[in-house]
Amino acid sequence: MDNTTLVQLEDLLARNHALLTLAGQEAWDAFADDVEVYSTQLKAMVDVDFNELESTEREMAVQLLEALLIQDSRLMQCIQARLNNLSGEMSSLRQSRRSAQAYTAV
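Residues numbered from 1 in each chain as written. Predicted model: local features only at pLDDT ≥ 70, side-chain atom pairs only at ≥ 80, totals over all residues. Heavy atoms only, no water.

The next thing to look at is the side chain of Asn3. In this structure, Asn3 sits in the segment before α1 (4-24). Judged by its relative accessible area of 17%, Asn3 falls in the buried class. Only 2.8 Å separates the side chain of Asn3 from the backbone nitrogen of Thr5, close enough to count as a polar contact. Within polar-contact distance, the side chain of Asn3 engages the side chain of Glu57 at 3.3 Å. Setting aside residues up to four positions removed in sequence, Asn3 forms contacts with Leu53 and Glu57. (Helix = DSSP H or I, 4+ residues; strand = E, 2+ residues; numbered from the N terminus. Buried < 20%, exposed > 50% of the residue type's maximum accessible area, 1.4 Å probe, protein only. Polar contact = N/O pair within 3.5 Å; in protein donor to acceptor, adjacent residues only side chain to side chain. Contact = heavy atoms within 4.5 Å.)

As structure tokens, this is what we get:
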């Protein structure tokens, strides 16, 4: 398994797992730092021609891509939950600011 494409896919899968762990721990600052590297590596995979792989390597690549899609879906759920949380916090801050302004206006 010394094929570069397969190694890159395994690295993406490992990075995705690390991001899921960070999201689960709510370590969002570290998550933000690591997600940029993940995104760059993921974009690089777009240009890969999987037809150039031997059949056994292609099968392994398909399995890795399937696992990556499943984990990526979980990651998107974590990100959406975080966005919803932040949205709620921002609404609360706006409401508090309006209350403070109304109080000082009286």
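Resuming the write-up.
Before going further, it helps to spend a moment on unusual backbone geometry. A negative phi angle characterises most non-glycine residues, just as the trans form characterises most peptide bonds. Even without a glycine there, the phi angle at Glu26 is positive, about 55°. Within the element layout of this structure, Glu26 appears in the loop between α1 and α2 (28-44).

For the rest of this paragraph, the subject is the nonpolar core. Counting residues in hydrophobic clusters, the biggest one holds 17 residues, and the most contacted among them are Leu9, Phe31, Tyr38 and Leu75. Contributing elements (two or more residues each) for this core: α1, α2 and α3 (55-105). Beyond its immediate chain neighbours, meaning those up to four positions away, Leu75 contacts Asn16, Leu19, Leu20, Phe31 and Tyr38. (Core = buried A, V, L, I, M, F, W, Y, C linked by side-chain atoms within 4.5 Å.)

To continue, consider the pattern of salt bridges. Going through the model one piece at a time under the given rule, you end up with 1 salt bridge. With a closest N to O distance of 3.4 Å, Arg15 and Asp11 form a salt bridge. With Arg15 and Asp11 both in helix α1 and 4 residues apart, the pair spans about one turn of that helix. For Arg15, a relative accessible area of 31% puts it in the partly exposed group. On the basis of relative accessible area, Asp11 is assigned to the partly exposed category, the value being 30%. (Salt bridge = Lys/Arg side-chain N within 4 Å of Asp/Glu carboxyl O.)

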